[in-house]
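A structural walkthrough
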There are 2 protein chains.
Amino acid sequence: MNDSEQAAHIPLEGEVGVVEYQDFISRERFQFESGGSISELCLRYETYGHLNAAKDNAILLCHALTGNHHAAGVYNLNERKQGWWNFMVGPGKPIDTTQYFVICSNVLGGCSGSTGPESINPVTGKRYNLDFPKLTVGDMVNAQVLLIDHLGIDTLHSVIGGSMGGMQTLQWAIAYPERVGSYIALACCARHTAQTIAFNDTGRQAIISDPEWNGGDYPDGQQPGDGLAVARMMAHITYLSDTGMEAKFGRKRRNADAEEHFDVEFEVESYLRYQGQAFVSRFDANTYLYLTKALDRFDLHGPNGTLDETFKVVSASGLMVGFTSDWLYPPQGNREVVEALLRLGKDATYAELAMDAGHDSFLLRAPKLDNLIRGFLAR
Amino acid sequence: MNDSEQAAHIPLEGEVGVVEYQDFISRERFQFESGGSISELCLRYETYGHLNAAKDNAILLCHALTGNHHAAGVYNLNERKQGWWNFMVGPGKPIDTTQYFVICSNVLGGCSGSTGPESINPVTGKRYNLDFPKLTVGDMVNAQVLLIDHLGIDTLHSVIGGSMGGMQTLQWAIAYPERVGSYIALACCARHTAQTIAFNDTGRQAIISDPEWNGGDYPDGQQPGDGLAVARMMAHITYLSDTGMEAKFGRKRRNADAEEHFDVEFEVESYLRYQGQAFVSRFDANTYLYLTKALDRFDLHGPNGTLDETFKVVSASGLMVGFTSDWLYPPQGNREVVEALLRLGKDATYAELAMDAGHDSFLLRAPKLDNLIRGFLAR
């Protein structure tokens, strides 16, 4: 291999590099499934790679509860933190930006630039807070459709997402079957169990009982941080696995015997408290309430109690991926979806990956996950 | 069977009936394992059945984190709520009060009458709050020894407890081997995993970040109820199982579509919020901090990282009981204890019961649990 050949390979083996987000503004009134509406909306999004002339190489990535539009790359070369799926998206990577035009937008109701509870209501000039309409996963997808229309894309090559992103993915396949070529839903489920609703409601109560929440009516910079931190600490435990936490932290002590009562003593306490605080600096409490509620209400079971009625309209080919150590959205919930699709004669498949990272497994680089996504997209 | 025979059976098939608690006061200074001390202590306790002349028929019951000394019976005949193990303790029941003299005391550090953080410090005339010394499971057992001495009992026929009560049970077998005839530890473990510490610390943070906590220095009747309720809601989820919750609540709705944002919508939310509120009315927040910390610090692994060094002194025969659906103290943690005992040549056995109620299985009546306890005590 000579130097010029080597140089030619660099982009293929490289990164998406420095990226910028864009804001898509729709001035049309947006109707929520609940009946509420807002006069306009913004979706903040990023794209990687190039839309081809036929406009048929677009892949939509759907982010999880606390993710956002920044799926890959960095905002400047000094930044060490990359987008949440950087290992998956880029030239030569499983979602190959030399082949695909990749789009990721912050969901409607989010707090990373898209319109949500912390946005200013143009009608009142004040934050929406609890005046923001009730939100569903269907609303998130309906807003993404406006963005896809705006980009001039008729049919998405694929829709891909994990967790809440997986729910949006399934919603796309069901609500817009003619606009989805294929879909990949990871660490997902057709609806929350009682246990998952219970965890979410406990997190919501932590926020709501923080005096700073003030009935949802708090100004910029004065959110109920203590309650939000507790909600995040608890949720974070559910994203990991017992085995994974034991391997990483065990009973390692930060302070052999904390001098003060209830100061950090174990490493795992230090880690979790940090996660709680860091979350408060980047996420909005009301948004957390709205998004968890949208997840709790999500239910693909039809009136007869099965998935068949809902999934019968699906035409795209689908891949469901469960993770053995995921106890928040356990493998069973993923299998249930693919079993319904197969029962209906749909082109669907399922993989269950043995990984120790719990629900967050889909956010961690693993060759077997890389190969699975790469292989399915190459079909 | 004639009438008189039937009447003679009533006590055997009956209940312990109306009971009264007693307070044991020790005026000796009590030394904690941490080095701290208090000038006197009270243990509130109840007894059921009669101590025989040989004083060798006593069974000590050790309660769990939020339990207390009221293990059986009622305080008056109009009361519907019975002690926490009423189905297990009574005439003719597995722990048969016609045979055994059964004792149960609220732990040192507790808040049901025994000396703990909410008690008045006789030296200052004010609540101990965070002036209460650091607490361990060893301290709880050392205080129980004073009560057993006071009752004139040299050797306990058996020590029995689940969860935190199981830890006290193991501690008895290890610290006072000559005073324990047999022991039964249910839904127990030799130490907390990182995940369990993480849940406990999140609960503690919920309390500590409640402004009413006030650095631990709150007066009677003004405890940080919101934080304590959130801590309880979360902990309560860990006491149940996913399967059990799904069977009981599923996605049943209390309000089909809650009018107000974030009001109760699902049955499971209503249940958990009620559990949180009810807990605040009967438990003290600082006590919750102290007891969970004692549990997190409990570790029977010796300096060489195994249980062998700790368990080699045990002489009593032991039964460990794990529950398949217990994910807080999973079967593996119970098996680990009995494996160490068997490796050391001790008289120990293990049973793993398939029950759906999660960690709380030991608190629910089941014929197979009844038979197991009855059979082991009859050896």
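Residues numbered from 1 in each chain as written. Chains lettered and ligands numbered in written order. Predicted model: local features only at pLDDT ≥ 70, side-chain atom pairs only at ≥ 80, totals over all residues. Heavy atoms only, no water.

Once that is clear, we can look at the domain arrangement of chain A. All names here are of chain A. In terms of domain boundaries, chain A breaks down into domain 1 (3-192 + 299-377) and domain 2 (196-294). Listed per partner, the contact involves 30 residues of domain 1 and 30 residues of domain 2. The contact between domain 1 and domain 2 buries some 2500 Å² in all, and 61% of this surface belongs to carbon and sulfur atoms. The largest per-residue losses of area from domain 1 upon contact with domain 2 belong to Leu65, Thr66 and Trp327, which jointly make up 25% of the total buried on that side. (Domains from an automatic or database assignment. Contact = heavy atoms within 4.5 Å. Buried area = accessible area lost by both parts, 1.4 Å probe.)

Attention now moves to the pattern of salt bridges. Close approach of charged atoms allows side chains of opposite charge to pair. Counted under the stated rule, the structure contains 42 salt bridges over all chains. For Asp23(B), the salt bridge goes to Arg44(B), with nearest N and O atoms at 2.7 Å. Taken together, the residues span a long stretch of sequence, with Asp23(B) in strand S1 (residues 22-26) and Arg44(B) in strand S4 (residues 41-48) at a distance of 21 residues. For Glu40(B), the salt bridge identified is with Arg27(B), shortest N-O distance 3.2 Å. With Glu40(B) in the loop between strand S3 (37-38) and S4 and Arg27(B) in the loop between S1 and strand S2 (30-31), this residue pair connects regions lying 13 residues apart in the sequence. Residue Glu40(B) is classed as partly exposed on the basis of its relative accessible area, which comes to 26%. In the salt-bridge network here, residues are joined through shared partners; they are Asp201(A), Arg204(A), Lys293(A), Asp296(A), Arg297(A), Arg253(B), Glu265(B), Glu269(B) and Arg273(B). (Salt bridge = Lys/Arg side-chain N within 4 Å of Asp/Glu carboxyl O. Helix = DSSP H or I, 4+ residues; strand = E, 2+ residues; numbered from the N terminus. Buried < 20%, exposed > 50% of the residue type's maximum accessible area, 1.4 Å probe, protein only.)

So, about the packing of aromatic side chains. Under the defined criterion, the tally for this structure stands at 28 aromatic pairs over all chains. For the pair Trp84(B) and Trp85(B), a centre-to-centre distance of 5.5 Å together with 25° between the ring planes defines the contact as stacked. On the accessibility criterion, Trp85(B) (1% relative accessible area) is buried. Clustering of aromatic rings is evident, with ring pairs tying together Phe30(A), Phe32(A), Tyr128(A), Phe132(A), Tyr290(A) and Phe262(B). Over the face of the ring belonging to Phe279(A) we find Arg232(A), whose NZ or CZ atom lies 4.4 Å from the ring centre. (Phe/Tyr/Trp six-rings, centres within 6.5 Å; stacked < 30°, edge-to-face > 60°. Lys NZ or Arg CZ within 6 Å of the ring centre and 35° of its normal.)

Further remarks concern the relation of the copies chain A and chain B. In the superposition of chain A on chain B (RMSD 0.0 Å, axial shift 0.0 Å), the rotation amounts to 180°. One copy is carried onto the other by what is essentially a two-fold rotation axis. Of the interface residues in chain A, 100% have counterparts in chain B that sit at the interface too, so the contact is made through matching surfaces. (Least-squares fit on C-alpha atoms with pLDDT ≥ 70 in both.)

To continue, consider the sheet that holds strand S13 (residues 317-323) of chain A. Residues and elements named next belong to chain A. One open sheet accounts for 8 strands, arranged S1-S4-S8-S5-S11-S12-S13-S14; its pairing is mixed. At either margin of the open sheet sits one strand with a lone partner, and together these are strand S1 (22-26) and strand S14 (348-353). Averaged over all adjacent pairs, the angle separating strand axes in this sheet is 20°, with direction ignored. Here strand S4 (residues 41-48) runs beside strand S8 (residues 101-105); their pairing, made up of 4 bridges, is antiparallel. Note that in S8 the partner of Tyr45 across the bridge is Ser105. Strands strand S5 (58-62), strand S11 (158-162), strand S12 (182-186) and S13 of the sheet are contacted by helix H3 (residues 164-175), whose axis makes an angle of about 150° with S11. (Pairing = 2+ DSSP bridges. Axes fitted to C-alpha atoms, helices over the stretch in contact; angles between N-to-C directions.)

Next up on the list: unusual backbone geometry. Note on backbone geometry: most residues besides glycine have negative phi, and most peptide bonds are trans. A positive phi angle, close to 60°, is found at Ser163(A), a residue other than glycine. Position of Ser163(A) among the secondary structure elements: in the loop between S11 and H3. For Asn214(B), which is not a glycine, the phi torsion comes out positive at approximately 55°. Examined against the element boundaries, Asn214(B) turns out to sit in the loop between helix H4 (194-208) and helix H5 (225-239).

Along the chain, Arg374(A) falls in helix H11 (residues 367-377). Residues Arg374(A) and Lys93(A), spaced 281 residues apart in sequence, show a C-alpha to C-alpha distance of 7.9 Å.

Turning next to the pairing of S4(A). Within a regular strand, side chains alternate between the sheet's two faces. All names here are of chain A. Counting buried residues in S4 gives 7 out of 8 residues, a clear majority hidden from the surface. Bridge count between S1 and S4: 5 bridges; the pairing is antiparallel. Within S4, the residue paired with Phe24 across the bridge is Leu43.

Attention now moves to helix H2 (residues 137-150) of chain B. Residues and elements named next belong to chain B. Here H2 spans 20 Å end to end across 14 residues, near enough to the 20 Å set by a 1.5 Å rise per residue. Considered for burial, the residues of H2 that qualify are Val137, Gly138, Asp139, Met140, Val141, Ala143, Gln144, Val145, Leu147 and Ile148. Measuring from the side-chain oxygen of the N-cap residue of H2 to the backbone nitrogen of Gly138 gives 3.3 Å; that N-cap residue is Thr136. Residue Gly152 follows H2 closely and has a positive phi angle near 75°. (Expected span 1.5 Å × (residues − 1). Polar contact = N/O pair within 3.5 Å; in protein donor to acceptor, adjacent residues only side chain to side chain.)

Contacts between the two partners involve 53 residues from chain A, matched on the other side by 53 residues from chain B. Note on chain A versus chain B: buried area summed over both sides is about 4600 Å², and carbon and sulfur give 61% of it. Counting the surface chain A buries against chain B, the share from its top three residues, Arg251(A), His261(A) and Phe262(A), is 17%. Arg251(B) is the partner of Asp299(A) in a salt bridge, and the nearest nitrogen-oxygen pair spans 3.3 Å. For the pair chain A and chain B, the interface holds 20 residue pairs in polar contact (both at pLDDT 80 or more). When contributions to the side of chain A that touches chain B are tallied by element, the ones reaching two or more residues are helix H4 (194-208), helix H5 (225-239), helix H6 (242-248), helix H7 (267-280) and helix H8 (285-297) of chain A. Ranked by residue count, the leading element in the side of chain A that touches chain B is H4(A), at 11 residues. Taken together, the residues of the side of chain A that touches chain B break down into 25 nonpolar, 9 polar and 19 charged. (Nonpolar A, V, L, I, M, F, W, Y, C, P; charged D, E, K, R; others polar.)

Moving on to the side chain of Gln195(B). Within the element layout of this structure, Gln195(B) appears in helix H4. Looking at Gln195(B), the relative accessible area reads 4%, which means it is buried. In this structure Gln195(B) touches Ile237(A), Ser241(A), Asp242(A), Met245(A), Trp327(A) and Trp327(B), once residues within four positions along its chain are discounted.

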